[in-house]
Amino acid sequence: MSTPIVEVRHLSHRYSVNWAVRDISFSIEKTGILGLLGSNGAGKSTTMNIICGVLNQTEGDVLINGIDLRKNPVEAKRHIGFLPQKPPLYPDLTVDEYLVHCATLRRMAPRAIRAAVERAKERCAIGHFSKRLIKNLSGGYQQRVGIAQAIVHDPQFVVLDEPTNGLDPNQIVEIRSLIKEIARDHSVLLSTHILSEVQATCREIRMIEQGRMVFSGTMEEFDNYVVPNSLTVAFANPPAEAELAALEHVLHVERTGPGLYRLRFSEDETITERIIAESIARGWHLREIALERCSLDVIFAQLSGKLDNNTR
């Protein structure tokens, strides 16, 4: 079994008297994308800042490629590329000037910098903007420049904090594709509070809530925790709302359009089968039925509850 690129062991950090992160442990393999999911204020930023060497932890250890980050920070940071939520761009520099500056800060050998900059630009598809001032680029291309600075020194481990924040839908798709391409030969940690973002890009997920790890596993395992609690239905010959409300385990019925309803229900694995059977029996002519997942807030509450129950 290969050695993980990142090992986090019993990590805790306290601001004054309040613990922001408490006893977090996980590892990250050498390729692929791991999603770090949590609500705002859950402890994600503290965890990332510690892993990237921006902040010294109160307790615990972080190893980057086997190197203790606290004991040997310069050597450990050679293996890390970091894109904060607000990219650290210099708007009055050209793309080339900025990337050369970033490579110099990374202590790259002067003779290797030009080739490294060209590789990063090619990978992020920004070569045609080499002489363009960064302030004159669109938000999507500025984000690409931010990712280019994170990989210019070819680190083994790349940390991306909310990389699609503020982008339009087309730009989001492009950045997701770029992140997946980078993850083919790098380890990527993607931090976000948006569930759909990790579902679209990550194969594994770690979820933090109130400073504690509440879930660690694959996306498939995570989906097994996310219990549907509502569904949408469409009928060609719709029944009265009262008929739907009278069905067993249905808690609430909301009409959302002509022949369209949203049904909230208590936990019941057979709800879809029973609605299909009732539609056939009563001539409602069901056209569509789809389960809806819980809101992210509900998921956090469910997983936090499981953690509380396991630690009692």
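Use the structure listed above.
A brief report on the enclosed structure follows. Predicted model, so just to flag it, every value in this text is computed and none were measured.

Things to note about the nonpolar core
Part 1 of the reasoning: Counting residues in hydrophobic clusters, the biggest one holds 45 residues, and the most contacted among them are Val95, Val145 and Val188.
Part 2 of the reasoning: When sequence neighbours within four positions are dropped, the list of residues in contact with Val145 reads Leu89, Val95, Tyr98, Leu99, Ile126, Ile134 and Leu137.
Part 3 of the reasoning: If you look at the next biggest cluster of nonpolar residues, it comprises 28 residues, including Phe26, Leu36, Met48 and Ile208.

Observations concerning the side chain of Arg206
Part 1 of the reasoning: With respect to the secondary-structure elements, Arg206 resides in strand 9 (residues 204-209).
Part 2 of the reasoning: Setting aside its immediate chain neighbours within four residues, Arg206 contacts Phe26, Ser27, Leu34, Gly35, Leu36, Leu37, Met213, Phe215, Ser216 and Gly217.

Focus on the pattern of salt bridges
Part 1 of the reasoning: Evaluation of the coordinates by the stated rule reveals 17 salt bridges.
Part 2 of the reasoning: Residue Arg114 pairs with Asp96 through a salt bridge whose shortest N-O separation is 3.5 Å. Residue Arg114 is found in helix 4 (residues 110-123), and its partner Asp96 is found in helix 3 (residues 95-105); the two are separated by 18 residues along the sequence.
Part 3 of the reasoning: Judged by its relative accessible area of 41%, Arg114 falls in the partly exposed class.
Part 4 of the reasoning: A salt bridge links Glu204 to Arg206; the shortest N-O distance between them is 3.1 Å.
Part 5 of the reasoning: Residue Arg206 is classed as buried on the basis of its relative accessible area, which comes to 8%.
Part 6 of the reasoning: Through salt bridges with shared partners, a single network forms among Asp96, Arg114, Glu118, Lys121 and Lys131.

Reading the values: the criteria
Residues numbered from 1 in each chain as written. Predicted model: local features only at pLDDT ≥ 70, side-chain atom pairs only at ≥ 80, totals over all residues. Heavy atoms only, no water. Core = buried A, V, L, I, M, F, W, Y, C linked by side-chain atoms within 4.5 Å. Buried < 20%, exposed > 50% of the residue type's maximum accessible area, 1.4 Å probe, protein only. Contact = heavy atoms within 4.5 Å. Helix = DSSP H or I, 4+ residues; strand = E, 2+ residues; numbered from the N terminus. Salt bridge = Lys/Arg side-chain N within 4 Å of Asp/Glu carboxyl O.

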